[in-house]
Amino acid sequence: MPTFLPEKARYTALGLMSGTSLDAIEVALVHFTGRGLDTRVEFVGHLGVGWPPALKGLLSAAAQGGLDMVTLTRVDKAAGEAFAAAVNLFIAEQKLNPA
């Protein structure tokens, strides 16, 4: 059976997303153990962080194609920073060691 991950007892994944409604940035942490049909998933935690209102408006405008390239680039950078801030808040709230 082909594998794309090296053999390891446990994997940890931090997932990030935001839907088209722009309600929030969602952060979720899970641990995976086992392989194939023997895989087990342990849900560790979740956090939803609302978009800053000004950025939410710009993201909505971007989805409508209403931004010039310079503004779109700035919005992209700000969105990345908002995702990073959500992860940092999640780490703090879950009392995790990011190392």
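Residues numbered from 1 in each chain as written. Predicted model: local features only at pLDDT ≥ 70, side-chain atom pairs only at ≥ 80, totals over all residues. Heavy atoms only, no water.

Concerning the environment of alanine 84
Note the threshold: For the purposes of this entry, the term helix denotes a DSSP run of H or I that reaches at least four residues, the term strand denotes a run of E that reaches at least two, and both are numbered from the N terminus.
Mapped onto the elements, alanine 84 comes out in helix H2 (residues 69-94). It is 21 Å that separates the C-alpha atoms of alanine 84 and alanine 63, two residues lying 21 residues apart in sequence.

Considerations on H2
Just so we agree on the cut-off: To estimate the expected span of a helix, subtract one from its residue number and multiply by 1.5 Å. Only protein chains enter the accessibility calculation, which uses a 1.4 Å probe; a residue whose area is less than 20% of its type maximum is buried, one above 50% is exposed, and one in between is partly exposed. The criterion used for residue contact is that any of the two residues' heavy atoms lie within 4.5 Å. Whenever a nitrogen or oxygen atom comes within 3.5 Å of another N or O atom, the pair is scored as a polar contact, on the condition that within protein one atom can donate a hydrogen and the other can accept it, and that pairs from neighbouring residues in sequence are kept only if both atoms are in side chains.
Taking 1.5 Å as the rise per residue, H2 with 26 residues should run 38 Å; its terminal C-alpha atoms sit 37 Å apart, in good agreement. Those residues of H2 not exposed but buried are Val75, Ala79, Ala82, Ala86, Val87, Phe90 and Ile91. The inward-facing, buried residues of H2 contact strand S1 (10-17), strand S2 (25-33), strand S3 (40-49) and helix H1 (53-63). Structurally, the start of H2 carries an N-cap: the backbone nitrogen of valine 70 is 3.1 Å from a side-chain oxygen of aspartate 68. Count one or two residues on from H2 and you reach lysine 95, which has phi positive near 55°.

Some words on the packing of H1 against H2
Spelled out, the test is: Comment: axis = line fitted to C-alpha atoms, over the contacting stretch for helices; angle = value between 0 and 180 degrees taken between N-to-C directions. Here the word oblique covers every angle except those under 35 degrees (roughly parallel), over 145 (roughly antiparallel) and from 65 to 115 (roughly perpendicular). Left-handed describes a crossing in which the near helix is turned anticlockwise from the far one by less than a right angle; the clockwise case is right-handed. Note on residue classes: Ala, Val, Leu, Ile, Met, Phe, Trp, Tyr, Cys and Pro are nonpolar, Asp, Glu, Lys and Arg are charged, and everything else, Gly too, is polar.
Axis separation between H1 and H2 bottoms out at 10 Å; the angle between their running directions is 130°. The pairing of H1 with H2 is recorded here as oblique in orientation. When you trace H1 past H2, the crossing you get is left-handed. Counting all contacts with H1, which are made through Leu55, Leu58, Leu59 and Ala62, the residues of H2 involved are Thr71, Leu72, Val75, Ala78, Ala79 and Ala82. Residues that form the contact of H1 with H2 fall into these classes: nine nonpolar, one polar and no charged.

What about the packing of aromatic side chains?
Put simply, the rule reads: Stacked, edge-to-face and tilted are the three classes for Phe, Tyr and Trp ring pairs, Trp counted by its six-membered ring, which pair at centre distances within 6.5 Å; planes under 30 degrees apart are stacked, over 60 edge-to-face, the rest tilted.
In this structure the tally under the stated criterion is one aromatic pair. With centroids separated by 5.5 Å and ring planes inclined at 85°, the aromatic side chains of tryptophan 51 and phenylalanine 83 adopt a geometry described as edge-to-face. One end of the pair, tryptophan 51, is in the loop between S3 and H1; the other, phenylalanine 83, is in helix H2, with 32 residues separating them in the sequence. Using a relative accessible area of 8% as the deciding quantity, one classes tryptophan 51 as buried. Overall, the relative accessible area of 23% leaves phenylalanine 83 in the partly exposed class.

Quick look at the environment of tryptophan 51
Sequence spacing of tryptophan 51 and serine 18 is 33 residues, and the spatial spacing of their C-alpha atoms is 9.3 Å. When neighbours within four sequence positions are excluded, tryptophan 51 is seen to be in contact with Ser18, Leu22, Asp23, Ala24, Ile25, Lys56, Leu59, Ala79, Ala82 and Phe83. Among the polar contacts listed, one links the side chain of tryptophan 51 to the side chain of serine 18, at a separation of 2.9 Å.

Structural notes on the sheet that holds S2
We apply this condition: We treat two strands as partners when DSSP finds at least two bridges between them.
Strand order in the open sheet formed by three strands is S1-S2-S3, and the pairing between neighbours is antiparallel. Every other strand in the sheet has two partners, leaving S1 and S3 as the edge strands with one partner each. Shown here is a sheet whose adjacent strand axes are inclined to one another by a mean of 15°, direction ignored. In this structure, S1 lies alongside S2, joined through eight bridges in antiparallel fashion. Following the sheet pairing, methionine 17 is matched in S2 by glutamate 26.

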